[in-house]
Amino acid sequence: MEPVVDVRGLRKIYTLGQEEIGALAGVDLRIDAEEFVAVMGPSGSGKSTFMQIVGMLDSPSSGSYHFEGRDVSRLTADERAAIRSSRLGFVFQSYNLLARTTALENVELPLLYATHPVREREQIARAQMQLLGIEHLAKHFSNQMSGGQQQRVAIARALVNGPALILADEPTGALDTKTSDEVMALFGELNRERGITILLVTHEADIAAYAKRIVRFRDGLIISDRINDQQRAA
Amino acid sequence: MIFDATLRPAFTALLRNKARSMLTMLGIVIGVAAVIVTVAIGTGARISVQKSIASLGSNLIVVQPGSITQGGARSGFGGASTLTPADGLAIAQLPGVAAVSPVVSLRTQVVAGGNNWQTFVSGVAPTYSYIRAWPVASGRFFNQSDVQAIAKVAVLGQTVVTQLFPGQSSPIGASVLIKGTPFTVIGTLSPLGQSAMGQDQDDVILIPYSSAMERLTGLKTVNSLMVSSAQASQIDEVQSAITALLVRRHRIVPPEPNDFQVRNLQAIAQAAGSTAQVMEVLLASVAAVSLIVGGIGVMNIMLVSVTERTREIGLRMAVGAPGRSILQQFLTEAIALSSVGGVIGVVVGALGALLVSVLAHWPTQIPLPWVALAVGFAALVGIFFGYYPARKAAALNPIEALRFE
Ligand SMILES: Nc1ncnc2c1ncn2[C@@H]1O[C@H](COP(=O)(O)OP(=O)(O)OP(=O)(O)O)[C@@H](O)[C@H]1O
Ligand SMILES: [Mg+2]
């Protein structure tokens, strides 16, 4: 089967005036369907840069990236947007829910840009919230929920289009230990029971322990890539 | 789907900032209302000018003195005083002419009892009542023998009656002093109301033209001749017959210019109408400039809105919104602002026009094509001034937008 993500010699150079910053210095990584990968590494090692390129929000300076067998560099902006809409789900450290908007409307948001009939949209969003056990939050506004609740709504939003890959950059960075464990348990469940591929960035070994595979970055390079044989389940 | 991804977020955003949306719309509202009010006043005036001129009769012809050349300097129309009652009598003999009346007019102070009043005194023929379709309300109109006798008799308009004889049941038989000469009131005219120009047509005293010439002006000439053709369809033939007759009577040898001018009221109405229309378009364009100023206000607020919602835009892009969809969302917002403003502007403009006609007694009329034009132009302003901010939103880099605080 095609790998979900296949990057070869990926480089990213940022230019700040005269200065050139090499954020990625040649990354090779292959992620297959149903994997659960945690990316670790010191600050500034290029983790977020890597996630943005994999999420097609940014393009590499050089190197190749194939998503589900398609060469991303050959896609138009609209085709990339269509893939983001149907195949990718993002979870951010700061949740990024729309202000003054209900949880339900936030979850519905990605459906606006996919081909769903209006009537089905609310149904799909509600069903997704129900699966995550947060249907009681449907009418809550963003500022009426705790951090953990907001992150669950954000995860429901990432899942609502039935994506192949979830990209989560430090999703527990703003949560306490207990809530972090609950969120990670949820990711584990989604991976195990729904076969969703997950790529997650974290600084904490406790969090990375939920993944099946742990990749370490340093100075824009992968310095280790190993299977986690003590995967935490809950 | 497209409707949902653009219209709904656009209206949600506008409703979220109600006060701001209102204030932004105000510029458009004022612009459109100004256009509507100017056009309503202009159109109303034009239509009522045409109506009242037409009500004078489509078969009415006016002969006025033309310009004269004296030592190379040409006076304007009316400068020559060459028309006489005899010209009128000759015109009355022409085929197709129903009636002719000379008109001698002057403005003067009149006195009756203890009251005095500044009014128009017109010296006319008995046919005048027929030509203007203006019957007496009481008493009688003067007749041919009054004209021959240079009789000191007068028929009063309703305004003059109320000014000179307040509270009296009938002025008939009373005496009115016109320039020191006492005239006996023999009748009153039925009320006509205001003319198109806002003039009170009932503020007039009619006397025999012979009396006006002999006793008041002392001149052998008259100010104009009013001719009524028997049929409206013959008006052009009658007009040229009058011209030919007067050229002969006044011994005008070409290339000398005519010392008179023959016009029918339809032509005058058309001329007045087209002048009014030019003014109307001019004023409306000035009002339209304020619409453009309103458009700049829309652009300003849209730019603020794009900056404020940078994170939202980044997020929408991350969840799969194509640039086109973001562009449409913000463009829709700008168009919604300006066209809703346009519709409110039409309502405000209509109320303004109503107020003008109620308070200033000025006839107003709102032409529908102008309503469509004003709202359409407002929407166009929205597209034009909304495009730049929307373009800016669509061109945002999603990563930077998401990081934006
Ligand atoms: N937009 C940018 N312009 C210039 N340099 C950038 C930009 N984004 C990232 N960098 C640089 O690229 C390098 C990698 O940054 P990145 O955000 O990928 O690190 P990270 O591993 O995610 O760090 P952290 O753990 O702190 O989130 C850093 O040196 C950073 O300063
Ligand atoms: Mg980072």
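Look above for the structure.
Computed from a predicted structure; not experimentally measured. (Residues numbered from 1 in each chain as written. Chains lettered and ligands numbered in written order. Predicted model: local features only at pLDDT ≥ 70, side-chain atom pairs only at ≥ 80, totals over all residues. Heavy atoms only, no water.)

Asker: Please explain the interface of chain A and chain B as it appears in this structure.
Answerer: Accessible area lost when the parts come together is the quantity often used to give the size of an interface. Every contact between the two is made by 24 residues of chain A and, on the other side, 24 residues of chain B. Taken over both partners, the interface formed by chain A and chain B buries close to 2,100 Å², and the fraction arising from carbon and sulfur atoms is 57%. Summed over the three residues of chain A that lose the most area to chain B, namely A:Leu57, A:Leu112 and A:Tyr113, the buried surface amounts to 30% of that side. Where chain A meets chain B, there are one salt bridge. Measuring nitrogen to oxygen at the nearest pair gives 3.2 Å for the salt bridge that ties A:Asp78 to B:Arg324. At the boundary of chain A and chain B, one finds seven residue pairs in polar contact (both at pLDDT 80 or more). Where the side of chain A that touches chain B is concerned, the elements lending two or more residues are helix H2 (77-86), strand S6 (88-92), helix H3 (103-112) and helix H4 (118-131) of chain A. A class-by-class count of the residues in the side of chain A that touches chain B yields twelve nonpolar, five polar and seven charged. (Contact = heavy atoms within 4.5 Å. Buried area = accessible area lost by both parts, 1.4 Å probe. Salt bridge = Lys/Arg side-chain N within 4 Å of Asp/Glu carboxyl O. Polar contact = N/O pair within 3.5 Å; in protein donor to acceptor, adjacent residues only side chain to side chain. Helix = DSSP H or I, 4+ residues; strand = E, 2+ residues; numbered from the N terminus. Nonpolar A, V, L, I, M, F, W, Y, C, P; charged D, E, K, R; others polar.)

Asker: What should I look at first to understand unusual backbone geometry in this one?
Answerer: Excluding glycine, residues mostly have negative phi values, and the peptide bonds linking residues are mostly trans. Residue and element names in this part refer to chain A. Even without being glycine, methionine 56 reaches a positive phi, approximately 60 degrees. Of note, arginine 100 is a non-glycine position whose phi angle comes to about 50 degrees, a positive value. With respect to the element layout, arginine 100 can be found in the loop between S6 and H3. Exposure remark for arginine 100: the relative accessible area of 52% places this residue in the exposed category. (Buried < 20%, exposed > 50% of the residue type's maximum accessible area, 1.4 Å probe, protein only.)

Asker: How do you make sense of the packing of helix H3 (residues 85-92) of chain B against helix H8 (residues 235-249) of chain B when you look at a structure like this?
Answerer: The axes of two packed helices give the description: the angle between them and the distance between them. Residues and elements named next belong to chain B. Interhelical geometry of H3 versus H8 gives an angle of 135 degrees and a closest axis separation of 10 Å. The angle between H3 and H8 falls in the class oblique. The handedness of the crossing between H3 and H8 comes out as right-handed. Residue-level contacts link Ala86, Asp87, Ala90 and Ile91 of H3 to Ile242, Leu245, Leu246 and Arg249 of H8. (Axes fitted to C-alpha atoms, helices over the stretch in contact; angles between N-to-C directions. Parallel < 35°, antiparallel > 145°, perpendicular 65-115°, else oblique. Left-handed = near helix turned anticlockwise from the far one by under 90°.)

Asker: How should I be thinking about the sheet that holds strand S4 (residues 62-67) of chain A in this particular structure?
Answerer: Two strands in a sheet stick together by hydrogen bonds in their backbones, pointing the same way (parallel) or opposite ways (antiparallel). Residues and elements named next belong to chain A. Strands sit in the order S2-S1-S4-S5 across an open sheet of four strands; the sheet is antiparallel. Here the strands that pair on one side only, and so sit at the sheet edges, are strand S2 (19-31) and strand S5 (70-71). Across five bridges, strand S1 (residues 5-16) lies against S4 in antiparallel orientation. Along S4, the bridge assignment pairs arginine 11 with serine 62. Sheet strands touched by helix H1 (residues 47-54): S1, S2 and S4. Its angle to S1, the strand with the most contacts, is close to 120 degrees. (Pairing = 2+ DSSP bridges.)

Asker: What is the right way to read the packing of aromatic side chains from this model?
Answerer: Ring pairs (aromatic) are described by centroid distance and by the angle formed between their planes. All names here are of chain B. Going through the model one piece at a time under the given rule, you end up with four aromatic pairs over all chains. Ring centres of phenylalanine 141 and phenylalanine 142 lie 4.6 Å apart, and the angle between their planes is 40 degrees; this geometry places the pair in the tilted category. Looking at phenylalanine 142, the relative accessible area reads 2%, which means it is buried. Judged by centre distance (5.0 Å) and plane angle (85 degrees), the ring pair of phenylalanine 384 and phenylalanine 385 falls under edge-to-face. The ring of phenylalanine 120 has arginine 107 sitting right over it, with the charged end atom 4.7 Å from the ring centre. (Phe/Tyr/Trp six-rings, centres within 6.5 Å; stacked < 30°, edge-to-face > 60°. Lys NZ or Arg CZ within 6 Å of the ring centre and 35° of its normal.)

Asker: I tried to follow the site of ligand 1 on my own but got confused; where do I start?
Answerer: Close to ligand 1 lie 15 residues, the nearest being A:Ser43, A:Gly44, A:Lys47, A:Ser48 and A:Thr49. In this structure ligand 1 sits where residues from chains A and B come together. Between an oxygen atom of ligand 1 and a side-chain N or O atom of A:Lys47, the distance comes to 2.7 Å. For ligand 1, whose unbound accessible area comes to 630 Å², protein coverage reaches 70%. Looking at the shell around ligand 1, the elements that each hand over two or more residues are S1, S2 and H1 of chain A. (Near = heavy atom within 4 Å. Areas by Shrake-Rupley, 256 points an atom, 1.4 Å probe, with all protein chains shown as cover.)

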